[in-house]
Amino acid sequence: MSGTMDGRAADGGRVYQSAGDQRITEHHHHGGRPATDGPDSVRRPAVGRTPVVLRDRSEVLTRLREGLTSGRAAGVYVLHGMGGCGKTAVAQAFFDIAIREHGRVGLWVDAADRAGLRAGMLAAAADRGARDGELLAAHQGHRPAADLAWQYLDRSPEPWLLVLDNADDPAILRDGSWLRGSPRGTVLVTTRRAAARWWPGAQLQHIGVLPREDAARVLCDLAPYSGTLEEAAAIADRLGRLPLALTLAGGFLAQQVIDPWTMDHYGRRLEEGEAVALIDRGADALTEEDPRHLVGRTWQLTLDAFERRGLPEAVSLLRLLARLAPEPLPLSVLNRPEISAVLPPGRAETALGALLDHSLTQLVDLAGLRCVHTHGVLLDAVAAATPPGLPGVLDATAVRLLDAAVPARPAAGPYDPRLRLLAPHVLTLLRRAAAPPGAGDALALATRLATALHRTGDYLSAWETAGAAATLGARALGEEHRLVLAAHARTGRSLFRLGRYAEAEPLLRRIRAAQSRLLGADDPDTLDTGQGLQLVLGNNGRREEAVTLLRSVVAAREVVLGAGHPATLRSRTSLLAMLTAVEIAAEAEADDTFLALPETCAAHLGPDHAVTLVARHNHARALFVLGHHRAADDEVRQVVEDYRRVLGPDYPVVLGALQLYAQTRAALGHSDAALGLMAQVVAGRERNLGADHHFTAVSRELREKLASGRWRPPRAVSGG
């Protein structure tokens, strides 16, 4: 936790204002339900289950203790967080500490509704000495009940701790001025309402989920013979480390006697579906069912309140989020007209504000992007309770929103952090889609997202996204569906860039053969896979086979797509990088436009298009192998500058251009400059690709040859 506390005066006493919410976490185990009947019931927490073990809450309890130490002013403290995080458990632990260690009178009031709050506060007044006649007058409305309660609290001969539990509707406290500070005691509020405007003058303490190790120990505490700490940690991750879910899961495992479950078995069952129902089976031993003690119902209390308050759009937005992953989602995704099928776009801001205020989601900043992040168990519970008929509309809307966030025609460019954040949400939608057309739409979107990630240089994310999409798509559409084959091909392209040639080659060969058989040898998808395969072959020592394949792709693309299509031009520029000096000279003699490819690309696509820049890069390489070192040096130097300007300084192809520039510098006698450039290249490739990548090894070998003087530039060839 971090943050500071500033004291300031408030009604009837001194309370604390927090300069920043404090993050605290804990968990609790529950035993039997204490009796709450009788005149002294306000002296006992009416929580249904008694916490017997707490974890990861010592710091917040230390802060709360400070308000109880001798000579310190009293305060109003607010514990806020999502349902199931154990706010009440922290309050009860503090309640026990106040009584046992500090001699406080403990008073516990359930503030979930007006009637319970009023009855509880008048019971507290009676405990502090209010007479029957005064209480009767307050009950009958002849005198303000809140004033009576606080009159006797302020006059209490003993210091006290007052807990206002489940105060999820702060308006109830505000009406009648039930929440006040007092010099005679400390007030502790538990609530799901996070907005500071509801709690002026109070110290706010956020209660969140548990750290991973503590979450695992919760399960081991409750079910010590069910599995290892590592297995418990895996289950804790699946449960989002939510204290309520962990408590129920551990309770379920501990209850199994005839046929005990292991943690590993429980984890597999969680992944098979109906996770919420399985988690809530841990509450079977309770003598009284309480919605707050069930993950399947605890948040329904808030959703019902939204409906009563005329905020149905908040429910709709949460149901939409429940179709996506429990990962950060850029807010820009929700700020689209496509959301109108679920809620009016103008009400999205109000809906999100309501979810944030009730701790049903939170805002996070990632890589400078404002995102909304919602707990996975909450999303599972909301998805499970979504009425039939709505999931189809929600999924279609989610696909349209994410589709609008992914470039329609992915192009090479600087790294975009938004794309990686979209991947888990796109894959979750694909996982939910069981059949076409929804599965097809989601798979096409996932493959396009993988392409966009690839073209920003994020090859690892591209491979992960495309590979997962292909697997999920095959389940719904079949292994030989066009879209599934395209996703596999995209996986192979990324494997190549990751240097995993041994995996990329057989995958691309298999997919190209299937596409040729099912779609035709000249189908654009088949040709695209061929383009990727020739790259693997060329870098894997089979240049002649690669050139033959590339020539066939060029010829077919010219017929199918046209000579000026970006894909056609991209394949022709690849020839510039693949051919030997003799072959380049022969090609140029047979086709006088071959060495004019940069100008052709610029005319069709523009001077800053990625294909045009690659054409200039490969043209500089052709000049170099032809022995035209000065011309190659001038061109590649300008290419490096333009790559950095258009694609960004860290784009992978920049290193390739720098390597060629080092070679032209060395060919012109500038050895020191060449070695300096190669030091940048090797360091960049080790950083971005790893020390064992093929490209890194090639660059390292070139640097060593330059340093030892063993490197020789290519000789001039006539005809170029």
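In this text the structure is predicted, and so the values were computed from the model without any measurement.

This part covers the sheet that holds strand β13 (residues 369–373). Strands sit in the order β11-β13-β12 across an open sheet of three strands; the sheet is antiparallel. This sheet does not close on itself; its edge strands, each paired only once, are β11 (329–330) and β12 (362–366). As paired elements, β12 and β13 share five bridges and run antiparallel to each other. Bridge pairing links Q362 to H373 in β13.

In this section: the packing of aromatic side chains. The final tally for this structure, using the stated rule, is eight aromatic pairs. Arranged with centres 5.4 Å apart and planes meeting at 80°, the rings of F95 and W108 form a pair that is edge-to-face. Linking F95 in helix α2 (residues 87–102) with W108 in strand β7 (residues 105–110), this pair joins segments that are 13 residues apart in sequence. Clustering of aromatic rings is evident, with ring pairs tying together F252, W261 and Y266. In this structure, R155 packs its charged tip against the face of Y152, placed 5.9 Å from the ring centre.

The next subject is the pattern of salt bridges. As enumerated under the stated definition, the model contains 47 salt bridges in all. In this structure, E134 engages R143 in a salt bridge whose closest nitrogen and oxygen atoms are separated by 3.7 Å. Sharing partners across several salt bridges, the network here consists of R43, D127, R128 and E158.

Turning next to the confidence of the model for the protein. On average, residues of the protein score 87 in pLDDT, and 91% of them are at 70 or above. Ignoring residues within four places in sequence, the model shows residues 1–39, a span with pLDDT below 50, making 139 contacts including any to other chains.

In this model helix α22 (residues 524–539) runs 23 Å from its N-terminal to its C-terminal C-alpha over 16 residues, within 8% of the 22 Å that 1.5 Å per residue would give. Among the residues of α22, those classed as buried are T526, L527, T529, G530, Q531, G532, L533, Q534, L535, V536 and L537. Elements in contact with the buried residues of α22: α20 (482–497), α21 (501–518), α23 (543–560) and α24 (566–578). Where α22 begins, one side-chain oxygen reaches toward the backbone nitrogen of D525, 2.9 Å away; that side chain belongs to D523. Just past α22, the residue G541 takes up positive phi, approximately 90°.

For the rest of this paragraph, the subject is empty space enclosed by the protein. Inspection of the entire model under this criterion finds three cavities of 30 Å³ or more. Considering the residues around the largest cavity, the lining is formed by V295, G296, R297, W299, Q300, L303, A381, V382 and A385. Looking at the lining of the largest cavity, the element that brings in the most residues is helix α15 (residues 376–385), giving three residues. Residues that form the lining of the largest cavity fall into these classes: six nonpolar, two polar and one charged. By volume, the second largest cavity is sized at about 50 Å³. Across the lining of the second largest cavity, the residue classes tally to six nonpolar, three polar and one charged.

On to the pairing of β13. Look at any regular strand and the pattern is simple: side chains alternate between the two faces of the sheet. Where β11 lies against β13, two bridges are found, and the strand directions are antiparallel. Opposite L329, over in β13, you have V372 as the bridge partner. Here β12 folds back onto β13, and the loop between the two strands holds two residues, one of which, A367, carries a positive phi near 50°.

You can see D168 is positioned in the loop between β8 (160–165) and α6 (170–174). D168 sits 136 residues away from D304 along the chain, and the two C-alpha atoms are 12 Å apart. Beyond its immediate sequence surroundings of up to four residues, D168 is in contact with T191, R192, R193 and R292.

On to unusual backbone geometry, then. Non-glycine residue N166 carries a positive phi angle of around 60°. Take N166: it is sitting in the loop between β8 and α6. You will see that S359, though not glycine, has its phi angle at about 60°, which is positive. Here S359 is to be found in the loop between α14 (348–357) and β12.

Conventions used here
Position numbers for residues count from 1 along each chain, tracking the sequence in the order it is written. Local features in this predicted model are restricted to residues whose pLDDT is 70 or higher, and side-chain atom pairs enter the listing and the counts only when it is 80 or higher, whereas totals over whole chains, interfaces and linings include all residues. Here the side-chain values reflect all heavy atoms present in the structure, with hydrogen atoms and water set aside. Pairing between two strands is assigned when DSSP locates at least 2 bridges connecting them. In this description a helix means any DSSP run of H or I spanning at least four residues, a strand means any run of E spanning at least two, and both kinds are numbered starting from the N terminus. Note on ring pairs: Phe, Tyr and Trp rings are taken, using the six-membered ring of Trp, and paired if centres are within 6.5 Å. Classes follow the plane angle, with under 30 degrees stacked, over 60 edge-to-face and the rest tilted. Two conditions define a charge sitting above a ring: the NZ of Lys or the CZ of Arg must be within 6 Å of the ring centre, and it must be within 35 degrees of the ring normal. Definition used for salt bridges: Asp or Glu carboxyl oxygen within 4 Å of a side-chain nitrogen of Lys or Arg. pLDDT gives the predictor's per-residue confidence on a scale running from 0 to 100. What makes two residues a contact is simply this: any of their non-hydrogen atoms within 4.5 Å. In a helix, the anticipated span is given by 1.5 Å times the number of residues less one. Throughout this description, buried means an accessible area under 20% of the type-specific maximum (1.4 Å probe, protein chains only), exposed means over 50%, and partly exposed covers the range between. Identification of polar contacts relies on pairs of N or O atoms within 3.5 Å, with a donor-acceptor requirement for protein atoms, meaning one able to donate a hydrogen and the other able to accept it, and with residues adjacent in sequence counted only if both atoms are side-chain atoms. The definitions used throughout rest on a 1 Å grid laid over the protein atoms alone, on which a cavity is an enclosed set of points accommodating a 1.4 Å probe that cannot get out and a pocket is an open set flanked by protein within 12 Å on both sides along at least five of seven lines; lining residues are those having an atom within 4 Å of a point. Grid points are joined across faces, edges and corners, and a volume is the space filled by probe spheres set on the points. Just so you know the grouping, Ala, Val, Leu, Ile, Met, Phe, Trp, Tyr, Cys and Pro go in nonpolar, Asp, Glu, Lys and Arg go in charged, and all remaining residues, Gly too, go in polar.

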